[in-house]
Amino acid sequence: MLLNSPFLIPSRFTTVKASMEVTPPNKRVLVCGGGVIGVCTAYFLSKKGAAVTLIEQSSIACAASGKAGGFLALDWCDGGPVSSLARASFNLHRTLAEELNGKESYGYRPVNTLSLSVTESESQRRGKESTLPDWIDGPVKSPKTIGTTNTTAQVHPQLFTRRLLEKAVAEYGVKVLPGKVKTVETGGGKVTVVVDDGVIEGDAVVLALGPWTSKFKLLSSLVRVHGLKAHSVVLEPKDADAISADALFLSYYPAHGGQPMDPEIYPRPTGEVYICGMSSQEEVPDNPEEIEPNPDSIRVLKRVASTVSSYLGEESEVKAEQACFLPCTDDSVPVIGELPGMKGCYVATGHSCWGILNGPATGAAMAELVMDGCSTIVDLTRFSPARFVGK
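A. Spotlight on the sheet that holds strand β12 (residues 204-207). In space, the six strands of this open sheet follow the order β8-β2-β1-β12-β19-β18, with mixed pairing throughout. For this open sheet the edge positions go to β8 (175-178) and β18 (335-338), each flanked by a neighbour on one side alone. For this sheet the average axis-to-axis angle between neighbouring strands, irrespective of direction, equals 20°. The sheet contacts of helix α9 (residues 355-372) involve β1 (28-32), β12, β18 and β19 (345-349), and relative to β19 the element is tilted by about 170°.

Below, the structure is given as structure tokens:
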């Protein structure tokens, strides 16, 4: 009879009820920006149990995260403030490739990396005595190995970003919402994000807006980020099997004289070859879909490709002619951390040309900061947006 009393609960149920009462709900985190930094942050937040909504105004990896080279280097940032971030992220890329079958799903592979000097006016082809791979048959000099398969690697950046988000959505419940972020408000332990046609509430927000940080009033008044417009072409050689996994960093001297250029060439396991360079600081357009390449820059990159290798000449199919904006800071250091005076509002941007490399460690560190209050994978002190206060 006593067990049926509404005032008495059997002891074997007491523990169950108590545990249900103290279990906190999942922390609701809004991530604004569908580039590699935003997607990596959403991925690691959701793995830690956050209820994540990713907000993107266009499409996933539509800008630099889809048009970058995807080059990864373990130790090229050593001696600078980004060293620990780069090393942690290089190793995380290797781990993610194992978890996500990166070799097949997004072209992850270790590569050898060479530096070469190329003088365009020297039209003769390379002699057979060279130790360079056969496909590099242009007038190149001073070859030097600057990276090995232990220290340099690559991914296809768009495929990597989208595969990571696919995993986060399928296994960790990340929701993707289209929309352009207008404003963010904080207070009372909550955040409110206003998008085109509505309001979204959460417990924290991460602003990973890349070069569009400069367009967002809340951030532009504190964090100085400018856009560097970089051009690239993607070619598919007729004999793709002849192209080895060697990334090339060039000192390129044009036939007409002038300043040497520093283009880069990345063969991909998909059979494509990516060539980039020709950058300039320009105003970032409001819509990433409005970015158009400069025809002169594209012509120069094609000429670079055909000069370095006859395999990359006129018989190659042009798969893409494109441009994107890299988010750069005045001090060349990314901005990663909580905004001063806005509890629960975080920012992650300013990675310049190393966004694909440093995406995983940035996302993992941000997930720890948001969920646990501090980052253990990387010390974020140097990256704090608070460094801009008073300047």
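B. Examining helix α2 (residues 36-47) more closely. With 12 residues, α2 extends 16 Å between its outermost C-alpha atoms, agreeing within 8% with the 16 Å of an ideal straight helix rising 1.5 Å per residue. Along α2, 11 of the 12 residues are buried, which leaves the element largely enclosed by surrounding structure. Count one or two residues on from α2 and you reach glycine 49, which has phi positive near 100°.

C. Structural context of the packing of aromatic side chains. Per the stated rule, a full pass over the model turns up 10 aromatic pairs. Each ring, one from phenylalanine 71 and one from tryptophan 76, has its centre 5.1 Å from the other, and the planes form 55°; the classification is tilted. Its relative accessible area of 8% is what places phenylalanine 71 among the buried residues. Using a relative accessible area of 29% as the deciding quantity, one classes tryptophan 76 as partly exposed. Put simply, the rings of Phe71, Trp76, Phe249, Tyr266, Tyr274 and Trp354 touch in pairs and so form one group of aromatic residues.

D. Local environment of the side chain of serine 375. Inspection of the secondary structure puts serine 375 in the segment after α9. The class of serine 375 is buried, set by a relative accessible area of 17%. Side-chain polar atoms of serine 375 contact the side chain of glutamate 368, separated by 3.4 Å. A distance of 2.7 Å separates the side chain of serine 375 from the backbone oxygen of valine 378, its partner in a polar contact. Sequence-distant contacts of serine 375, defined by excluding residues within four places in its chain, comprise Ala365, Glu368 and Leu380.

Parameters at a glance
Residues numbered from 1 in each chain as written. Predicted model: local features only at pLDDT ≥ 70, side-chain atom pairs only at ≥ 80, totals over all residues. Heavy atoms only, no water. Pairing = 2+ DSSP bridges. Helix = DSSP H or I, 4+ residues; strand = E, 2+ residues; numbered from the N terminus. Axes fitted to C-alpha atoms, helices over the stretch in contact; angles between N-to-C directions. Contact = heavy atoms within 4.5 Å. Expected span 1.5 Å × (residues − 1). Buried < 20%, exposed > 50% of the residue type's maximum accessible area, 1.4 Å probe, protein only. Phe/Tyr/Trp six-rings, centres within 6.5 Å; stacked < 30°, edge-to-face > 60°. Polar contact = N/O pair within 3.5 Å; in protein donor to acceptor, adjacent residues only side chain to side chain.

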